[in-house]
Amino acid sequence: MSVHAANVKKVTTQTLRQLKREGEKIASLTAYDAAFARVLDRAGCDFILVGDSVGMVVQGQATTIPVTVDDIIYHTQLVARGVERALIMADMPFMSYHSPAECLHNAARLMKEGGAEVVKLEWGALQLDMVSRLTECGIPVCAHLGLTPQAIHKIGAYRVQGREHDTALKMIDDARALEAAGADLLLLECVPMELAATITRNATVPVIGIGAGPSVDGQILVLYDILDIAPGKRTRFSKNYMAGANSIHEAIEAFVQEVKASRFPTAEFGFA
Ligand code: KIV
């Protein structure tokens, strides 16, 4: 079923808050160009992320670290041309938000030049200040916690975060502090299901999960993973929606419908 119509109502951060309040699951995927963005938009994705995963799945890089602000601006411009309804979120690349001046300058570029409506940054101790400064400037922010791929060389491996008692408590505190600083959305990557459920219950802003189990307010996956064309081994929390689908359109619509109906993810896609 396509939601595309002549008078499409644009999704905003307020729409996403309303979906959380009403208990309707939020469905989201990444996209990097106008053609896929149009398909996602018409399939009913509530927001589309121009992720720095573009470095790995489109550019063929080994990590997200080489991705530049100009790369994200370019891909956000393409996505914006394909979208009528979905909210457009853009990733702030590695080291593009390490000082307040750089952070505000680069976030403004993603919005003014790219057409982003929300910026996403990965959590670290400096980010509370960045989130409040962005908020003061009227820039909506999504804070990414749990597995933060831009820190891969520090973490050492792409693995579940928050399994130990102290790291779990810290993540709960960080989520609370980020919301108090003005974050409009929280995104949890590779977080144990129970911890994700606690953070979601405590938060008044929507909590989006990727590998965080079924109890969060919404789900996001990397588009190329669900289409089974990402390089390397598919992550355990992702699902190949091309299996059993007759077209890319059908696969993407199936993802949106399964998220909305709480049929994805089941516990087998989560971490204990
Ligand atoms: O860049 C990206 O695609 C992301 C998702 C993993 C959420 O940040």
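Going by the structure above, here's the rest.
I will try to describe carefully the structure that is included in this document. Please read all numbers here as calculations on a predicted model, not as lab measurements.

Some points on unusual backbone geometry
Next, step 1: Of note, the bond from F264 into P265 is cis; its omega dihedral lies within 30 degrees of zero at 0 degrees.
Next, step 2: Mapped onto the elements, P265 comes out in the segment after α11 (248–260).
Next, step 3: Not every positive phi belongs to a glycine, and C190 is a case in point at roughly 55 degrees.
Next, step 4: Structurally, C190 can be placed in the loop between β6 (185–189) and α9 (193–202).
Next, step 5: A residue is classified by how much of its surface remains accessible, and C190, at 5% relative accessible area, is buried.

Looking at the pattern of salt bridges
Next, step 1: Taken as a whole and assessed by the stated rule, the structure comprises 13 salt bridges.
Next, step 2: Across the pair K20 and D217 runs a salt bridge, and its minimum N-O distance is 2.7 Å. Of this pair, K20 sits in helix α1 (residues 13–22) while D217 is found in the loop between β7 (207–210) and β8 (218–221), placing the two residues 197 residues apart along the sequence.
Next, step 3: Assessed through its relative accessible area of 16%, K20 is described here as buried.
Next, step 4: Taking the shortest distance from any N to any O, the salt bridge between E24 and K260 comes out at 2.9 Å.

Considering the sheet that holds strand β3 (residues 87–91)
In any sheet, the strands associate via hydrogen bonds between backbone groups, in a parallel or an antiparallel arrangement.
Next, step 1: Sheet architecture is closed into a barrel: eight strands sit in the order β1-β2-β3-β4-β5-β6-β7-β8, paired in parallel fashion. Neighbour-to-neighbour, the strand axes of the sheet open up by a mean angle of 25 degrees, direction not taken into account.
Next, step 2: One ladder, built from four bridges, connects strand β1 (residues 26–30) with β8; its direction is parallel. By the bridge assignment, A27 is partnered in β8 with Q219.
Next, step 3: Against the sheet, α11 contacts β1 and β8, and its axis sits at roughly 145 degrees relative to β1.

Here we look at the site of the ligand
Next, step 1: The full set of residues close to the ligand is T30, L49, G51, D52, S53, D91, K120, H144, L187, E189, I210 and V222.
Next, step 2: Within the side chain of D52, an N or O atom sits 3.0 Å from an oxygen atom of the ligand.
Next, step 3: Between D91 and the ligand, the recorded distance is 3.1 Å, taken from a side-chain N or O atom to an oxygen atom.
Next, step 4: Isolated, the ligand exposes 260 Å² of accessible area, and the fraction of that covered by the protein chains is 94%.

A closer look at the pairing of strand β5 (residues 141–146)
Next, step 1: When you tally the buried positions in β5, you get six out of six residues, the bulk of the element.
Next, step 2: Residue alternation in β5 divides its side chains into two sets, V141, A143 and L145 and C142, H144 and G146, and both sets are buried.
Next, step 3: Judged from the four bridges that link them, strand β4 (residues 118–122) and β5 form a sheet pairing that is parallel. Paired with K120 across the strands is C142, a residue of β5.
Next, step 4: Regarding topology, helix α6 (residues 127–136) serves as the crossover connection from β4 to the parallel β5, and that connection is right-handed.
Next, step 5: Pairing of β5 with β6, which is carried by five bridges, proceeds in the parallel orientation.

Brief notes about the pairing of β1
Next, step 1: With five of five residues buried, β1 lies mostly within the body of the structure.
Next, step 2: The side-chain alternation of β1 yields two buried faces, one formed by I26, S28 and T30 and the other by A27 and L29.
Next, step 3: Bridge count between β1 and strand β2 (residues 47–50): three bridges; the pairing is parallel. Within the sheet, the bridge partner assigned to S28 lies in β2 and is F47.
Next, step 4: Handedness of the β-α-β unit built from β1, helix α2 (residues 34–43) and β2 comes out right-handed.

Re the environment of V222
Next, step 1: Here V222 lies in the loop between β8 and α10 (223–226).
Next, step 2: In contact with V222, not counting residues within four places along its chain, are T30, Y32, S53, V57 and I210.

Structural notes on the packing of aromatic side chains
Next, step 1: One pass over the full model with this rule turns up seven aromatic pairs.
Next, step 2: Summarising the aromatic geometry, the rings of Y32 and Y224 are spaced 5.6 Å apart at their centres and angled 90 degrees between planes, so their arrangement reads as edge-to-face. Taken together, the residues span a long stretch of sequence, with Y32 in the loop between β1 and α2 and Y224 in helix α10 at a distance of 192 residues.
Next, step 3: Taken together, a centroid distance of 6.4 Å and an interplanar angle of 75 degrees make the contact between F237 and F271 edge-to-face. Placement of F237 in the loop between α10 and α11 and of F271 in the segment after α11 is noted, with a sequence separation of 34 residues between them.

Cut-offs and rules
- Think of each chain on its own: its residues are numbered from 1, step by step along the sequence as written.
- This being a predicted model, a pLDDT of at least 70 is required before a residue's local features are given, and a value of 80 or more before pairs of side-chain atoms are given or counted; all residues contribute to the totals for chains, interfaces and linings.
- Water and hydrogen atoms play no part in the side-chain values, which are based on all heavy atoms of the structure.
- The way it works is that DSSP assigns letters per residue, a run of H or I at least four long becomes a helix, a run of E at least two long becomes a strand, and they are numbered from the N terminus.
- Throughout, exposure labels follow a simple rule: accessible area from a 1.4 Å probe, protein chains only, divided by the maximum for the residue type, with under 20% read as buried, over 50% as exposed, and the rest as partly exposed.
- Criterion for a salt bridge: a side-chain nitrogen of Lys or Arg within 4 Å of a carboxyl oxygen of Asp or Glu.
- Here the rule is simple: two strands pair whenever DSSP picks up at least two bridges between them.
- Here the axes come from fitting lines to C-alpha atoms, over the contacting stretch only for helices, and the angles between their N-to-C directions go from 0 to 180 degrees.
- Should any heavy atoms of two residues lie within 4.5 Å, those residues are considered in contact.
- Working definition: residue near molecule or strand if any one of its non-hydrogen atoms lies within 4 Å of it.
- A 3.5 Å cut-off defines polar contacts: any pair of N or O atoms within that distance qualifies, except that in protein one atom must be a possible hydrogen donor and the other a possible acceptor, and neighbouring residues in sequence count only when both atoms are side-chain atoms.
- We get accessible surface area from the Shrake-Rupley algorithm with a probe of 1.4 Å; when it comes to residues, only the shown protein chains can shield them.
- For the handedness criterion, the strands are oriented away from the viewer, and a crossover whose path from the first strand over the helix to the second runs clockwise is classed as right-handed.
- What counts as a ring pair is set by centres within 6.5 Å for rings of Phe, Tyr and Trp (its six-membered ring), and what kind of pair is set by the plane angle: stacked under 30 degrees, edge-to-face over 60, tilted for all other angles.

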